Amino acid sequence: MTIPAFDFSHYFPYQELTDYLTQMAQAYPNLMQLKSLGTTDEGREIWLATVTDQTTGAALEKPGYWIDANTHAAEVTGSAVACYILYQVLTQYNQDAQITHLLQNYTLYILPRIAVDGAEKYLQTPYNLRSSTRLYPESEQQDGLYPEDINGDGLILNMRIKDSCGAWKISEDDPRLMIHRQPDEFGGTYYTLVPEGLIHNYNGYEFKISPALEGLDFNRNYPYYWQPEGEQKGAGDFPFSEPETRAEAEFWRKHRNINGFMTYHTFGALILRPYSTHGDDHLPTEDLRIYQLIGKKGSELTKYKCVSVYHDFRYDPKTVVYGAMDDYGYDHWGWFGFTVELWDAAKEAGVEKQNNIEWGREHPIEDDLKILQWNDEYLEGKGFIPWQGFEHPQLGEVEIGGWDMKRMWKNAPAKALPEICDRHFKFAIAHALMSPRLSVARSEVSHEGADIYRITVQWENLGFLPTYTSKKALERQAVRPTRVKLALSEGVTLISGEQEQEIDPLEGRSNKWFNASANGTDYRTHRSWVVKGKAGSEVRVEASAERAGTARTSVILS
Ligand SMILES: [Zn+2]
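Residues numbered from 1 in each chain as written. Predicted model: local features only at pLDDT ≥ 70, side-chain atom pairs only at ≥ 80, totals over all residues. Heavy atoms only, no water.

1. Looking at the overall build of the protein
Phase 1: When its secondary structure is counted, the protein shows 15 helices and 24 strands.
Phase 2: For the protein, the spread of C-alpha atoms along the principal axes amounts to about 105 × 50 × 45 Å.
Phase 3: When burial is assessed residue by residue, the protein has 53% of its 558 residues classed as buried.
Phase 4: Restricting the contact set of the protein to residue pairs at least 6 apart, pairs at least 24 apart contribute 74%.
Phase 5: Of the side-chain charges in the protein, 56 are positive and 79 negative, and the distance between the mean point of each set is 8 Å. (Helix = DSSP H or I, 4+ residues; strand = E, 2+ residues; numbered from the N terminus. Buried < 20%, exposed > 50% of the residue type's maximum accessible area, 1.4 Å probe, protein only. Contact = heavy atoms within 4.5 Å. Lys, Arg positive; Asp, Glu negative; His and termini not counted. Charge placed at Lys NZ, Arg CZ, Asp CG, Glu CD.)

Quick look at the structure:
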């Protein structure tokens, strides 16, 4: 089967995503297994691709790496990156040395779209929603203005309404731009800005903005410091209450080889790391250093800054976000992983942001003008819809227009996609290759007289990270000990040594990064056995490390 070049021209709706994944699985049966982790409320499949060279070992017997995307319905750029990574590793196998090495020795788990129903609604209708189409926390529309495409142009934009109390006015620099009316200003033409929409139970006088009908946020539904709705908006009924997050939890429980992850979101052009809830002093020092080191690698490869959510990405300086996936992945499993906020239209336009959240709250008009100019040149003006008069059925004369959020803010435009995909592919692969990897260093047999033989096997961790991944994983007892088993062939008996035993975890190279020579060869260990048997008999030795893979060897008594 000929695989066409990766299609960057648009974001895949569900059927196209399904067809793409099915086609890739059929084209590369030895490298990719496609399975559904479950079905959504609307009956769609939650697809997961397991990618490894099956001929060099089973997926679970190799160190694993997790990639997911589109936790938030609108953030389809992440799906494109995940699908591109899949495309690259499959098509570059046996072409590129790094990719070949990766699939021979490691396993990738790729879940390209978590909010399957939500993304479909986002891509196929004018609506925007956070994660799920399930009505939550209320089961019916509340009073107030709700978003609707009232002029039938296929978009939900903004309405500006002339109002003597209005907080906005038209900019003199660019009439498209709405700017703040100064606190002491009077006597001009002012506007109120609200989303394009209709008002449920309008009394003809005042209205408020109705809360989102689809208010679930999957990235508040993970167990780490989970809090109910009153404390954390979008949290869901209880941790892992949704079919999508629950499907992940069940998968992770059974696939204990994962060491690291990427979860792709938009936007902000940032690499975020835990915690959301606590400062950096909450991480073990060793883990913090490793996190910073991997983040630095990510910054080099992607040009995105790596920051702590708590220190640099808080929506409100006095509150924190509960129930996020990255906090759960690190704190519960001890995985090193990142939430990547792909794309940022403002940064692309040359705006410098010290802090993304602060910038979103307030920024100079010059920044808006820069973005408008970038829109006019790079997007040929398509990101901003000019204000146009419209007779609103409830409010009378309004104007509809503004940024096309879907086209330019929430996701990368098609022509920016190839570069984003390629940079983040490189970072994910580099990160996956940091996993621990157990291997047999030496296996020896010596004849001790008569039918007596001594067998010695030495193992080593070829990886960067230790076989227990992180100090947090050790602390949480999230990794089971490495088990060694001896299989004796017919007629061979064990004289000394244990047939089944545990060996201590092995360090990797990560503890030498900040401490050049103090750790010796803590990445190797050995065991010896004495057996009795005929020359020519075989003894097999298997060592299984949950996170670092299974290493097998055999010796012939001689
Ligand atoms: Zn997101």
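2. Observations concerning the sheet that holds strand β2 (residues 45-51)
Phase 1: The 8 strands lie next to each other as β1-β2-β4-β3-β11-β14-β12-β13, forming an open sheet whose pairing is mixed. Where the open sheet ends on each side, the last strands, each with one partner, are β1 (32-39) and β13 (305-308). Across this sheet, the average inter-strand angle for adjacent strands is 20°, counted without regard to direction.
Phase 2: As paired elements, strand β12 (residues 270-273) and strand β14 (residues 336-342) share 3 bridges and run antiparallel to each other. In the sheet register, L272 faces β14, and the bridge partner there is T339. (Pairing = 2+ DSSP bridges. Axes fitted to C-alpha atoms, helices over the stretch in contact; angles between N-to-C directions.)

3. Remarks on unusual backbone geometry
Phase 1: Residues T266 and F267 are joined by a peptide bond in cis, for which omega reads -10°.
Phase 2: Summarising the element assignment, F267 is placed in the loop between β11 (258-266) and β12.
Phase 3: Here the amide bond leading from P274 into Y275 is cis, since omega sits at -5°, within 30 degrees of zero.
Phase 4: In this structure, Y275 sits in the loop between β12 and α6 (285-302).
Phase 5: We note that F240 has phi near 60°; this positive angle belongs to a residue other than glycine.
Phase 6: Within the secondary structure layout, F240 lies in the loop between β10 (197-200) and α5 (243-254).

4. Points about the domain arrangement of the protein
Phase 1: As far as domains go, the protein holds domain 1 (14-124 + 216-343 + 412-432), domain 2 (144-210 + 347-409) and domain 3 (438-556).
Phase 2: If you average the C-alpha positions of domain 2 and of domain 3, the two centres end up 64 Å apart. (Domains from an automatic or database assignment.)

5. Side note on the environment of T525
Phase 1: Position of T525 among the secondary structure elements: in strand β22 (residues 524-532).
Phase 2: When the C-alpha atoms of T525 and E460 are compared, they prove to be 6.7 Å apart, with 65 residues separating the residues in sequence.

6. Focus: the pattern of salt bridges
Phase 1: Applying the stated rule across the entire model yields 35 salt bridges.
Phase 2: The residue E185 makes a salt bridge to K169 at a minimum N-O spacing of 3.0 Å. Placement of E185 in the loop between β8 (178-180) and β9 (191-195) and of K169 in strand β7 (residues 168-170) is noted, with a sequence separation of 16 residues between them.
Phase 3: The class for E185 is partly exposed, based on a relative accessible area of 22%.
Phase 4: E542 is paired through a salt bridge with R552; the nearest N and O atoms lie 3.1 Å apart. Of this pair, E542 sits in strand β23 (residues 538-545) while R552 sits in strand β24 (residues 549-556), and the two are 10 residues apart along the sequence.
Phase 5: Here E542 falls in the partly exposed class, since its relative accessible area comes to 26%.
Phase 6: Residue class for R552 comes out partly exposed when judged on its relative accessible area of 49%. (Salt bridge = Lys/Arg side-chain N within 4 Å of Asp/Glu carboxyl O.)

7. A word on α6
Phase 1: For α6, with 18 residues, the first-to-last C-alpha span of 25 Å sits near the 26 Å given by 1.5 Å per residue.
Phase 2: Taken together, the buried positions of α6 are occupied by D287, L288, I290, Y291, L293, I294, G295, G298 and T302.
Phase 3: Note on α6: the residue one or two positions beyond its end, K303, has a positive phi of about 70°. (Expected span 1.5 Å × (residues − 1).)

8. Points about the packing of α6 against helix α13 (residues 417-432)
Phase 1: Running from N to C, α6 and α13 cross one another at 155°; their axes reach a closest spacing of 8 Å. Looking at the two axes, α6 sits roughly antiparallel to α13. Two packed elements cross with a definite hand, and for α6 against α13 that hand is right-handed. Judged by residue contacts, I294, K297, G298, L301 and T302 of α6 engage R423, H424, K426, F427, A430 and H431 from α13. (Parallel < 35°, antiparallel > 145°, perpendicular 65-115°, else oblique. Left-handed = near helix turned anticlockwise from the far one by under 90°.)

9. Examining the coordination of the zinc ion
Note on metal geometry: ideal angles are 109.5 degrees for four donors arranged tetrahedrally and 90 or 180 degrees for six donors arranged octahedrally.
Phase 1: The protein atoms that coordinate the zinc ion are H72 (ND1), E75 (OE), E75 (OE) and H265 (ND1), at distances of 2.0 to 2.6 Å.
Phase 2: Around the zinc ion, the 4 donor atoms are arranged such that angles at the metal cover 54 to 148°; this shape is classified as irregular.
Phase 3: We note that the donor set of the zinc ion lies within a single chain, spaced as H-x2-E-x189-H. One end of the pair, H72, is in the loop between β3 (64-69) and α2 (77-92); the other, H265, is in strand β11, with 193 residues separating them in the sequence. Each member of the pair H72 and H265 is classed as buried. (Donors = N, O, S within 2.8 Å, 3.2 Å for Na, K, Ca; no water. Tetrahedral: all angles 85-135°; square planar, octahedral: opposite > 155°, others 65-115°.)

10. Focus on the nonpolar core
Phase 1: Ranked by size, the top nonpolar core spans 119 residues in total, and within it W66, V89, W252 and Y264 carry the most contacts.
Phase 2: In terms of residue count, the dominant contributor to this core is α2 (10 residues).
Phase 3: Residues V492, V531, V539 and V541 belong to the second largest nonpolar core, which totals 20 residues. (Core = buried A, V, L, I, M, F, W, Y, C linked by side-chain atoms within 4.5 Å.)

11. Notes on the packing of helix α3 (residues 97-105) against α13
Phase 1: For the pair α3 and α13, interaxial distance at closest approach is 11 Å and the crossing angle is 50°. As the angle between them shows, α3 and α13 are arranged oblique. Note that α3 runs across α13; the crossing there is left-handed. Contact residues: Q98, I99 and L102 in α3; F425, I429 and A432 in α13.
Phase 2: Class assignment for the residues of the contact of α3 with α13 results in 5 nonpolar, 1 polar and no charged. (Nonpolar A, V, L, I, M, F, W, Y, C, P; charged D, E, K, R; others polar.)

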